[in-house]
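Here is what each chain is made of, one letter per residue.
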Amino acid sequence: MKYAKVIVPLPLAGAFTYRIPDVLENIISVHCRVVVPFGKKHYYTGIVAEIGEEADGNDPAMKEIFALPDGKPVIRPYQLRFWQWISSYYLCSTGEVFRAALPSGLKPESETVITINPEYEAKEPLKPNEQRIVDAFSLPDGLSVSELERASGLKNVFPSVNSLLGKGAIAIKESLKQGFKDKTETHVCLAGNIRSEKDMNLVLAMLKRAKQQEKLFLEYLDLSGTGPDAVPDDVKPKHVLKKTLLAHSGVNPSVLNSLVKRGIFLTEERTVSRITSSDAFAGTLPALSSVRQKACEDVKKSFETKNITLLYGIAPGDRAEIYIRLIHDTLSNGRQALYLLPEIAITTHVTERLRQVFGRQLLVYHSAFSDNERVEIWNRLLQTEEPIVVLGIRSSVFLPFARLGLIIVDEEHEPSYKQQDPAPRYHARNVAMMLALEHGGKVLLGSATPSLESYLWALNGKYGLVESDVRHEKERFPKTDIVNVRELRRKKRMNETLFSPLLRERIEDALSKGEQVILFQNRRGFAPVMLCRNCGEIPHCVNCDVSLTYHKQLYRLVCHYCGYSAPLPSRCPSCGSAELRMQGFGTEKVEEEIAVLFPSARTARLDTDTARTQNAYRRILTAFEEGETQILIGTQMITKGFDFENVSVVGIMNADGLLNVPDFRAYERAFQLMYQVSGHAGRRDGKGAVVLQTSQSDNPLLKMIRDFDYPGMAQMQLKERFAFRYPPYTRLIMIVLRCRNEEVLDDMANRYSAKLKAILGECVSNPVYPPVTRIQTLFVRKIMLKMDLSASVSETRKALETVLSEMRCIPVFKQIILHYDVDPQ
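All of the points below concern the structure found in this document.

What counts and what doesn't
Residues numbered from 1 in each chain as written. Predicted model: local features only at pLDDT ≥ 70, side-chain atom pairs only at ≥ 80, totals over all residues. Heavy atoms only, no water. Helix = DSSP H or I, 4+ residues; strand = E, 2+ residues; numbered from the N terminus. Buried < 20%, exposed > 50% of the residue type's maximum accessible area, 1.4 Å probe, protein only. Areas by Shrake-Rupley, 256 points an atom, 1.4 Å probe, with all protein chains shown as cover. Lys, Arg positive; Asp, Glu negative; His and termini not counted. Charge placed at Lys NZ, Arg CZ, Asp CG, Glu CD. 1 Å grid on protein atoms, 1.4 Å probe; cavity = no way out; pocket = protein on both sides within 12 Å on 5 of 7 lines; lining within 4 Å. Points joined across faces, edges and corners; volume = space filled by probe spheres on them. Nonpolar A, V, L, I, M, F, W, Y, C, P; charged D, E, K, R; others polar. Axes fitted to C-alpha atoms, helices over the stretch in contact; angles between N-to-C directions. Parallel < 35°, antiparallel > 145°, perpendicular 65-115°, else oblique. Left-handed = near helix turned anticlockwise from the far one by under 90°. Contact = heavy atoms within 4.5 Å. Phe/Tyr/Trp six-rings, centres within 6.5 Å; stacked < 30°, edge-to-face > 60°. Lys NZ or Arg CZ within 6 Å of the ring centre and 35° of its normal. Core = buried A, V, L, I, M, F, W, Y, C linked by side-chain atoms within 4.5 Å. Pairing = 2+ DSSP bridges.

Structural notes on the overall build of the protein
Then, number 1: The number of helices and strands found in the protein is 25 helices and 32 strands.
Then, number 2: Judged by the C-alpha coordinates and their principal axes, the protein covers about 95 × 70 × 65 Å.
Then, number 3: Out of the 825 residues belonging to the protein, those deemed buried represent 51%.
Then, number 4: On the protein, roughly 38,900 Å² of surface is accessible, and the fraction owed to carbon and sulfur atoms is 49%.
Then, number 5: The averaged location of the 98 negative side-chain charges in the protein is 2 Å from the averaged location of its 107 positive side-chain charges.

Quick look at empty space enclosed by the protein
Over the atoms, a rolled probe matching the size of one water molecule traces out where space is still vacant.
Then, number 1: Applying the stated criterion to the full structure yields four cavities of 30 Å³ or more.
Then, number 2: In this structure, the second largest cavity encloses a volume near 60 Å³.
Then, number 3: His413, His427, Arg429, Ser451, Glu453, Arg665, Glu668, Arg669 and Gln825 are the residues that line the second largest cavity.
Then, number 4: Of the residues in the lining of the second largest cavity, the class split is no nonpolar, four polar and five charged.

Describing the packing of helix H12 (residues 344–358) against helix H19 (residues 614–625)
Then, number 1: It is the contact of H12 with H19, at a shortest axis distance of 10 Å, that shows an interaxial angle of 55°. Classed by the angle they form, the pair H12 and H19 counts as oblique. For the pair H12 and H19, the crossing hand works out as right-handed. When H12 is examined against H19, the residues Ile344, Ala345, Thr348 and His349 are found in contact with a partner set consisting of Gln614, Tyr617, Arg618, Leu621 and Glu625.
Then, number 2: Here the contact of H12 with H19 is composed, by residue class, of four nonpolar, three polar and two charged.

Brief notes about the packing of helix H3 (residues 128–135) against helix H5 (residues 158–167)
Then, number 1: Close contact between H3 and H5 brings their axes to 9 Å; oriented N to C, the two are set at 80°. As judged from the angle between their axes, H3 and H5 are roughly perpendicular. Between H3 and H5, the residues in contact are Asn129, Glu130, Ile133 and Val134 and Ser160, Val161, Ser163, Leu164 and Lys167, respectively.
Then, number 2: Along the lines of polarity and charge, the residues of the contact of H3 with H5 split into four nonpolar, three polar and two charged.

Concerning the packing of aromatic side chains
Then, number 1: Counted under the stated rule, the structure contains 25 aromatic pairs.
Then, number 2: Residues Tyr312 and Tyr710 carry aromatic rings whose centres are separated by 5.4 Å and whose planes lie at 50° to one another, so their mutual orientation is tilted. Of this pair, Tyr312 sits in strand S11 (residues 308–312) while Tyr710 sits in helix H23 (residues 710–724); the two residues are 398 residues apart in sequence, bridging distant segments of the chain. Judged on exposure class, the residue Tyr312 and its partner Tyr710 are both buried.
Then, number 3: Aromatic rings pair up to connect Tyr312, Tyr455, Phe477, Phe671, Tyr675, Phe708 and Tyr710 into one cluster.
Then, number 4: Just above the ring of Phe779 sits the side chain of Arg774; from NZ or CZ to the centre is 5.7 Å.
Then, number 5: Cation over ring: Lys786 sits above Tyr726, and NZ or CZ is 3.8 Å from the ring centre.

Considerations on the nonpolar core
Then, number 1: Counting residues in hydrophobic clusters, the biggest one holds 150 residues, and the most contacted among them are Trp83, Ile407, Met674 and Tyr752.
Then, number 2: Leaving out residues up to four positions away in the same chain, Tyr752 has contacts with Ile735, Ile783, Leu800, Val803, Leu804, Met807, Phe813, Leu818 and Tyr820.

Points about the sheet that holds strand S4 (residues 42–52)
Then, number 1: Spatial strand order, S2-S1-S4-S3: four strands in an open sheet with antiparallel pairing. Each end of this open sheet is capped by a strand with a single partner; those strands are strand S2 (16–19) and strand S3 (33–38). The mean angle between the axes of side-by-side strands here comes to 50°, regardless of whether they run parallel or antiparallel.
Then, number 2: Bridge analysis of strand S1 (residues 3–7) against S2 gives four bridges, and the strand direction is antiparallel. Within S2, the position partnered with Ala4 by the bridge is Tyr18.

Observations regarding unusual backbone geometry
Then, number 1: Going from Ala423 to Pro424, the amide bond is cis rather than trans, its omega being 5°.
Then, number 2: Mapped onto the elements of the fold, Pro424 is located in the loop between strand S15 (404–410) and helix H14 (428–439).
Then, number 3: Looking along the chain, the bond that leaves Pro727 and enters Pro728 is cis, with omega of 15°.
Then, number 4: Along the polypeptide, Pro728 turns up in the loop between H23 and strand S29 (730–739).
Then, number 5: Phi is positive for His31, which is not a glycine, with a value near 75°.
Then, number 6: Of note, His31 is situated in the loop between S2 and S3.
Then, number 7: Its identity as a non-glycine residue notwithstanding, Tyr555 has a phi of 55°, on the positive side.
Then, number 8: Within the element layout of this structure, Tyr555 appears in the loop between strand S21 (549–551) and strand S22 (556–558).

Structure follows, in structure tokens:
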């Protein structure tokens, strides 16, 4: 009897052994999907990692594989190795990588289904919530927990469900969710016995008194181009899409059903693709300027000796044209390409440009697509080796490429490339390098302000380096003025406003010339803090250790960590005073003041409050690109790689908020954000202006931003990183411990740290308090490991697993939620 080792999508180490039923022995294969029982009731879709004749043990209670969905491999052989590397490096299980890699439609699992007992008779009146649950059942098939919550209107049904379960009013069972399903369309054609002109005339005569059916029949003849002439016997009847036929004829579907019953029409279900693509190439390669052409040739030359190259100092528009040329060359050589972007929103603009050149060879993949659409893209790549370019975000690295020749990581410095929760907490840039190694491909990193890690490796020769500080032919860096708002407030020139006189003047001048303005404030809401002037009370979140942010549009105080909100109080909850004052400002307050200062200006705000959906995001950006909006106010969402030609003024409302962050990467991030948003000014004619407002006008970083001096910033920060042993000179691993009981957390964190120090030495820190010490009711502590770059990953993992195993022997440790964050961002 054969056995299979199966990887299940759970945070559990290793694979699990299952017996292969006799009926499946000849059709099951490695890397195919199987549905397996797990635990007492649950079923999961797993991947077969290995098939053997003998199991690891002779357990008679070993479970059998429940089902084989297709019998064909759903991953390529290298992908399992790739997952195992991610699992090893990022200190998680292969099951967690599997869960992140495959689209949900390919890994259906069981869910709890609640059914009503039709024979139940209540001996006493049910409680209101119990009655609402019973009333929610309109069909005997049962409801999932989420469906029951929607039907009953209750946010938490479990207490009432448990009560009804004890009374015998309901029952619970496990049901396998529906996975991927092909999309089908109904087509209509003439029945096989209607071929000649005589046959059609007979049909028309038969339908003479049924006007609606006659109308539908004539509409079919018109749409199919059949006409009253005879259809040759060797020609198949022409098909017409059902919805098209009904739309053109304007009749009810029941009319069509009647014609089918009478044997006049036949219907056929046809599988269609959900992937939208062009039918052919829509354009030709763009002509490159001399600057772009030189950079393109330099990249090719670098690839002759280096597998990874950094394209540094070139504006986003120029980089995109270089990327297109390199992708074209890759596809021409029969290889595939992956073009990674940090945000879904940017893909819309880039997709339009790539589709003009690559047509049907372009696939777009990101989480905004439905599960079924992502499965279709996965299957297309799995079933072909044809040259294809995929445009996507970080999860695209998991797609089953066959012959990947080039990976482009644009804006490679962006923190969005780092997955945060749940595991695997991988960095797409680093994972892309390993993926390219599997395929023997090349990696191109692109950024005007690269991460210090990439910049250092490029300077040291580990990566290739192609650089240029020349913008587009007529473009120059904008003039940047640093405004000391502390001094202006001291002189009472800026007490009642957020705008310095210089910034107001620049905005007025730009609007008078028909030009556009961007105002950058990296904090949403109206005010981050509400303070009682009498007792100093600040409203805090009940679940998190943070103050509540006032959102004027909602007229509520909101927590940006867990979503908790409360109505704005009219008096202080502590002392009853009405002297409540808002401190600080966000994008809402900037928008409000702009409406007062420039009432005729057309203004829009771009943050996660106004752009919760992709359509809203696209609508705001399109309006600004087309000139419908004159002033765009936003958070870091506006710093992404957009190219606004008519922007002449950029205002950075408060640089201090970016500088005063307790993080060793704070200055690097601040420089990157302000550099990027400043770069939007004057791209068309080089006459842009940037006004940077700060109370730290002597800060050397701000002068580097004014001069667009990335090398100077990099040299300053790398010197500090080297002195204090931070990346890129060391490797960080953050151990995050969370618990509802703070005393238990502190005790366990201290014991955990002590055990690690006994093995790994002084590279282990004591437990530290993060800036936010409680999030979503859980207290948080962190232990940092600063590892030498030469330290063995496997030995470090072994030490961590040893300590974790020892800690799990302590009963109270079960209260701790622990995870590892490798290379934290």
